[in-house]
Protein chains: 2
Amino acid sequence: MAPSLVVNGDFATVGPASTAGRLASVYSEVQSSRIDQPLPLPSVLKNPFKIVDGPPSSAAGNPDEIAKLFPNLFGQPSAMLVPSAEGSIQSDQKLKIGVVLSGGQAPGGHNVICGIFDYLQDYVKGSTLYGFKGGPAGIMRCKYVELTAEYIHPYRNQLIHLFIANQGGFDMICSGRDKIETPEQFKQAEETVLKLDLDGLLVIGGDDSNTNACLLAENFRGKNMKTRVIGCPKTIDGDLKSKEVPTSFGFDTACKIYAEMIGNVMIDARSTGKYYHFVRLMGRAASHITLECALQTHPNISIIGEEVAAKKQTLKNITDYIVNVILKRAELGYNYGVILIPEGLIDFIPEVQYLIAELNEILAHDIIDENGLWKKKLTDQSLKLFEFLPRAIQEQLLLERDPHGNVQVAKIETEKMLIQMVETELKKKQQEGLYKGPFMGQSHFFGYEGRCGLPTNFDATYCYALGYAAGALLQSGKTGLISSVGNLAAPVEQWTASGTALTSLMDVERRHGKFKPVIKKAMVELEGAPFKKFASMRDEWAFKNRYISPGPIQFVGPTSNAVNHTLLLELGAVQS
Amino acid sequence: MAPSLVVNGDFATVGPASTAGRLASVYSEVQSSRIDQPLPLPSVLKNPFKIVDGPPSSAAGNPDEIAKLFPNLFGQPSAMLVPSAEGSIQSDQKLKIGVVLSGGQAPGGHNVICGIFDYLQDYVKGSTLYGFKGGPAGIMRCKYVELTAEYIHPYRNQLIHLFIANQGGFDMICSGRDKIETPEQFKQAEETVLKLDLDGLLVIGGDDSNTNACLLAENFRGKNMKTRVIGCPKTIDGDLKSKEVPTSFGFDTACKIYAEMIGNVMIDARSTGKYYHFVRLMGRAASHITLECALQTHPNISIIGEEVAAKKQTLKNITDYIVNVILKRAELGYNYGVILIPEGLIDFIPEVQYLIAELNEILAHDIIDENGLWKKKLTDQSLKLFEFLPRAIQEQLLLERDPHGNVQVAKIETEKMLIQMVETELKKKQQEGLYKGPFMGQSHFFGYEGRCGLPTNFDATYCYALGYAAGALLQSGKTGLISSVGNLAAPVEQWTASGTALTSLMDVERRHGKFKPVIKKAMVELEGAPFKKFASMRDEWAFKNRYISPGPIQFVGPTSNAVNHTLLLELGAVQS
């Protein structure tokens, strides 16, 4: 890694001289090959362009409240980059720009930084790019590293992105989960941008981080500070999107990594013929990842949290559904299968939420006696659910608490819980003579291994364009927008680039008696094309074993440019 | 899949007519692209060849006993395929050959079958290939499917391997774990090969299956039956190898799949900077997979079972080693890391074996009283170990038993156990003021997802050559050999092909007062090049974060033909 770009101590002593040897020892062959991968730009970014404003925007909900919260930014139009005969923005003014990664990793983050870096190189030579270290805390504490062209110069003639492009992870400047929330923290951020004399700040993050970006933009604008703020949509969960922002980066790569593993497990299931694999997939708030993986691999069962919530399903309902599929498959001679479960399943089940609320109340005020008298404090419904849970889960609910004394829902291994519940029900069916078995459950959690893979060609190119477009927006004085690259089903040349008013994605939530702005998470739409496609196929997949093994992500050749099903279906680019 | 080759009911009704449409719906883009991948053959198999016998062989140990157990086969020479000016074996005699997959899946199995099928097509036209279904049980019950050229004919002009080559899994004819052991079972096997009039049988399996293949060969030869038996080295664990059999197929693919995941987790660890990832890897008897993954990815810690056993390490030793690395890393500012653990670790720790033996004894005869009086029956050493174990593991040892009432060692999640033990020790260090933390452990098990991936180009080509060579050996009347393809560090054209006497790989074990022949599992050699390379690097990897992210397996381009480190080091093809 180029020392200029790296904060981890272990590379700090490496000078440019030892680069070549260094490269071989820090990069695998595939990583090295990725450095050569060209990063095509949409033609609108390659040629002279100007920025055209659209009509005034509103908000995703409660526009009056959003207007009050963002008096300086509310109603901003979108800003579209269009070809310009007169040439691009001409300005001799060099820029000072900061960039920050916020929240969990998503493959492609480094390429966003490459994109803005190259924009500055190509259009505003002599500009400075700072990388804030360790997320928003880096802004507040003014901890940064200079990603300067000057320092990079020795490598420039070889390959500008020698050390960074197309690599997974966020280790270039690291990320963090801190938020800039309190007046003091806003003050710290102000001090930092004043100290560094920043013209702009690029915030790469999820819904919270982009809300935060907009609050910063509003604050700076309100104080007549010159610092503009542009956001960038990052999250593997795929739940930061809108009409203008077709997808968040990282989703494509993460789903393909999980789908590879699922496909392998499917072939194993079929070859062995004796395991039911219960696969829990990352994605707490929304089930986009599970849905996309289902569309890619055709598992026998996929539980979609949003459907569970909409139909107010209980854990018993879900267990029964799985058990019924297993019974019917056994009749067909299949005692194996693959079942996908979203990480956040439990949060979607209303009765579980009630039980947990009641347990938190009881744990806070009562003693959990061994004779179970405490259970009398549960409502009938919650008691019934509690008794239905496997013993290990019961104990976990009672024993493991977070620092506030609350039940640790996140620690529940849903896939293991479901295996136990299914096993119990199947034993009953066996006693009733309705099932002969055998049933063997295998649990999997595919999580961290999907967040930091090498980005797919799609994510790599998408991120580069997002970063490049963010540079254009910042240079043209825009603030409070999120970088938006569209027309993604078309070839890259035809992709569009624009900025969308962050306030237009917002609604308010009431917290502690106050309205708080939030970018609403985009949930799986039960009326949307991806879910409808899944719903139309799931019975066939349940009983006819239509397993597909997507195989490992390819970076070259005809299979390297596939785009995920969710995006293509949402764009109407394939039949649903 | 071609109906002729498939036993799963769901494809049974598909006729050749609907092939094209069917293909699109059962194969992913990458799978489809694999079908076009050429399968190069070693030049010795492409041109006229003859078979030259080597010198008489002996056994890996106790040759006298092996000679007694294999009176007809012991001492057989190896059979080497060499170029022949006079042309290849000429014979009009069509062959009837059976093929069986035995034991766990390994990527590439289908290609072995393609290899022998093509050999028959190329050299003994009109021959018949039967696939026994569901492993050795298929032989005993005479359940098979005919993999005939005639049936495949409609596809032949398109692509001979249209439906099978380069695909992971064993779903073509499925596998099974049954053994042919008792006199009745040998009788059944005889009946089957007589009924089908088999000239030869190809057994694709691990050490047990190849031992079994040799017993069948001996049995058939002893009864003057014409059926020859050839084995083929399969196991992702990599523990079936010798001087003549440089590697077992599947190891290359499995390690690369695991290494991809480990590499991703490493980048996540470094980007987040707050997790210690404990990764358990498949491989019960030997630690080759863990060692190979370490060589590919450079984790901070890798536990190699063979070293643990050789140094008679205790669980406390291992815990202390991990804790010390964590303490030293904390001083360097790193509160994250990646630790690899072989699935079979517990089996390598002598004290754990003693404890489990004592527990089994106690569980069989005593009552586990709540006051813990039963513990007095443990030896001091075992008691000390038991008390050292985390409570959850203690409970698991006492509560979960197999049908024979024994402790279920295989069910222990070693990675979680180590996290708990490390956590406990770190808390002590914290209280002593020697460690500030924080420590957050994340557990992973990478297992099933590595057994059925699409085979790497190496495994695909290696398997095809193994199958093709097996055809040549069977046609030339050889029996009791294992197909052996060598010179693997050279280009494929220069690979060698031969058959190695299975008896030469054998030793005896005493079971129930009798000598039983066994192919000794090849363990990680502490004096071998791969371990020595690892041992020379591990301190640097522990503290200097030399993480490498191998990325996903590539099938085209310059990075698609890399061979695993273990093989290259063992062949002396790279510096150790």
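What you see is a predicted model; the values in this text were computed from it and never measured.

Caption draft 1: Structural context of the relation of the copies chain A and chain B. You can overlay chain A on chain B at an RMSD of 0.1 Å; the transform is a turn of 180° with a shift of 0.0 Å along its axis. Both copies of the chain, as the preceding transformation shows, are related through a two-fold rotation axis. Of the residues that chain A buries at the interface, 100% are likewise interface residues in chain B, meaning the two copies contact each other through the same surface.

Caption draft 2: Summary view of the packing of helix α13 (residues 315-331) of chain B against helix α20 (residues 529-544) of chain B. All names here are of chain B. Where α13 meets α20, the axes come as close as 9 Å, and the angle between the chain directions of the two elements is 50°. Put simply, α13 runs oblique to α20. Note on element contacts: α20 touches α13 through Arg-538, Ala-542 and Phe-543, opposite Tyr-321, Val-325, Lys-328 and Arg-329. When its residues are assigned to classes, the contact of α13 with α20 shows four nonpolar, no polar and three charged.

Caption draft 3: Inspection of the sheet that holds strand β10 (residues 301-302) of chain B at higher detail. Residues and elements named next belong to chain B. Here we have four strands laid out as an open sheet, ordered β10-β11-β9-β12, and parallel in their pairing. This sheet does not close on itself; its edge strands, each paired only once, are β10 and β12 (441-446). Where β10 meets strand β11 (residues 337-342), two bridges bridge the pair, whose relative direction is parallel. Counterpart to Ser-302 in the pairing with β11 is Leu-340. Across the sheet, helix α11 (residues 288-297) lies against β9 (276-281), β10 and β11, angled at about 155° from β11, the strand it touches most. Docked against the sheet, helix α18 (residues 414-431) engages β9, β11 and β12, running at close to 165° with respect to β12.

Caption draft 4: Molecular detail of the interface of chain A and chain B. Each partner contributes to the interface: chain A provides 64 residues, whereas chain B provides 64 residues. Of the roughly 4,900 Å² buried where chain A meets chain B, counting both sides, 51% is carbon and sulfur surface. In this structure, the salt-bridge partner of Lys-416 of chain B is Glu-413 of chain A, at a minimum N-O distance of 2.9 Å. Counting across the chain A and chain B interface gives 20 residue pairs in polar contact (both at pLDDT 80 or more). Ranked by residue count, the leading element in the side of chain A that touches chain B is helix α10 (residues 251-272) of chain A, at 10 residues. Partitioning the side of chain A that touches chain B into residue classes produces 26 nonpolar, 23 polar and 15 charged.

Caption draft 5: Focus on the pattern of salt bridges. Residues and elements named next belong to chain A. Taken as a whole and assessed by the stated rule, the structure comprises 54 salt bridges over all chains. For Lys-96, the salt bridge goes to Asp-197, with nearest N and O atoms at 3.6 Å. Taken as a pair, Lys-96 in strand β3 (residues 96-102) and Asp-197 in the loop between α8 (183-195) and β7 (200-205) lie far apart in primary sequence, 101 residues in all. The class of Lys-96 is partly exposed, set by a relative accessible area of 29%. Across the pair Asp-347 and Arg-284 runs a salt bridge whose closest N-O atoms are separated by 3.7 Å.

Caption draft 6: Up close: the sheet that holds strand β12 (residues 441-446) of chain A. Residue and element names in this part refer to chain A. The sheet built from four strands is open, its strands ordered β10-β11-β9-β12 with parallel pairing. In this open sheet, the two strands that pair with only one neighbour each are β10 (301-302) and β12. In the packing of helix α18 (residues 414-431) onto the sheet, the strands contacted are β9 (276-281), β11 (337-342) and β12, and the crossing angle to β12 comes to about 165°.

Caption draft 7: Quick look at the side chain of Glu-306 of chain B. All names here are of chain B. Its location among the elements puts Glu-306 in helix α12 (residues 305-310). Despite being buried, Glu-306 has no salt bridge partner; Lys-241 is the closest side chain of opposite charge, sitting 9.1 Å away. Of the polar contacts made by the side chain of Glu-306, one reaches the backbone nitrogen of Ser-287; its length is 3.1 Å. Among the polar contacts made by the side chain of Glu-306, one reaches the main-chain amide nitrogen of Val-524 at a distance of 2.9 Å. Beyond its immediate sequence surroundings of up to four residues, Glu-306 is in contact with Ala-285, Ala-286, Ser-287, Phe-348, Met-523, Val-524 and Leu-526.

Caption draft 8: Highlighting the side chain of Thr-227 of chain A. All names here are of chain A. Within the secondary structure, Thr-227 sits in the loop between α9 (207-222) and β8 (228-233). Only 2.8 Å separates the side chain of Thr-227 from the backbone oxygen of Leu-198, close enough to count as a polar contact. Here Thr-227 is in contact with Val-193, Leu-198, Asp-199, Gly-200, Leu-201, Phe-220 and Thr-479, once residues within four sequence places are set aside.

Caption draft 9: How the structure looks around the environment of Arg-538 of chain A. Residues and elements named next belong to chain A. Tracing the backbone shows Arg-538 in helix α20 (residues 529-544). Its relative accessible area of 17% is what places Arg-538 among the buried residues. Separated by 487 residues in the primary sequence, Arg-538 and Ile-51 have C-alpha atoms spaced 45 Å apart. For Arg-538, the contacting residues outside a window of four places in its chain are Asn-300, Glu-307, Lys-311, Tyr-321 and Phe-531.

Caption draft 10: Expanded view of the UniProt feature "active site" (unreviewed entry) in chain A. In the numbering used here, UniProt assigns the "active site" (unreviewed entry) feature to Asp-237 of chain A. Setting aside anything within four residues of it in sequence, one finds Asp-237 of chain A in contact with Phe-251, Gly-283, Arg-284, His-288 and Ile-289 of chain A.

Caption draft 11: Quick look at α20 of chain A. Residue and element names in this part refer to chain A. With 16 residues, α20 extends 23 Å between its outermost C-alpha atoms, agreeing within 8% with the 22 Å of an ideal straight helix rising 1.5 Å per residue. Along α20, the sharpest kink reaches roughly 45°, centred on Met-537. Within α20, burial applies to Pro-530, Phe-531, Phe-534, Arg-538, Trp-541, Ala-542 and Phe-543. Against the buried residues of α20 lie α11 (288-297), β10, α12 (305-310), α13 (315-331) and α21 (565-570). Following α20 by one or two positions, Asn-545 has its phi on the positive side, about 50°.

Caption draft 12: Inspection of the environment of Ala-392 of chain A at higher detail. Looking at where Ala-392 of chain A falls in the secondary structure, it is placed in helix α17 (residues 391-399). Expressed as a C-alpha distance, the spacing of Ala-392 of chain A and Lys-416 of chain A, which sit 24 residues apart in the sequence, is 9.8 Å.

Caption draft 13: Quick look at unusual backbone geometry. A cis amide bond links Gly-437 of chain A with the next residue in sequence, Pro-438 of chain A, at an omega value of 0°. Tracing the backbone through its elements, the reader meets Pro-438 of chain A in the loop between α18 and β12. One non-glycine residue with positive phi stands out, namely Lys-312 of chain A, at about 50°. Of note in the backbone geometry, Asn-487 of chain B takes a positive phi value of approximately 60° without being a glycine.

Conventions used here
- Residues numbered from 1 in each chain as written.
- Chains lettered and ligands numbered in written order.
- Predicted model: local features only at pLDDT ≥ 70, side-chain atom pairs only at ≥ 80, totals over all residues.
- Heavy atoms only, no water.
- Least-squares fit on C-alpha atoms with pLDDT ≥ 70 in both.
- Contact = heavy atoms within 4.5 Å.
- Axes fitted to C-alpha atoms, helices over the stretch in contact; angles between N-to-C directions.
- Helix = DSSP H or I, 4+ residues; strand = E, 2+ residues; numbered from the N terminus.
- Parallel < 35°, antiparallel > 145°, perpendicular 65-115°, else oblique.
- Nonpolar A, V, L, I, M, F, W, Y, C, P; charged D, E, K, R; others polar.
- Pairing = 2+ DSSP bridges.
- Buried area = accessible area lost by both parts, 1.4 Å probe.
- Salt bridge = Lys/Arg side-chain N within 4 Å of Asp/Glu carboxyl O.
- Polar contact = N/O pair within 3.5 Å; in protein donor to acceptor, adjacent residues only side chain to side chain.
- Buried < 20%, exposed > 50% of the residue type's maximum accessible area, 1.4 Å probe, protein only.
- Lys, Arg positive; Asp, Glu negative; His and termini not counted.
- UniProt positions renumbered as here; feature names shortened; annotations may be inferred.
- Expected span 1.5 Å × (residues − 1).
- Bend = angle between axes of the 7 residues up to and from the residue.

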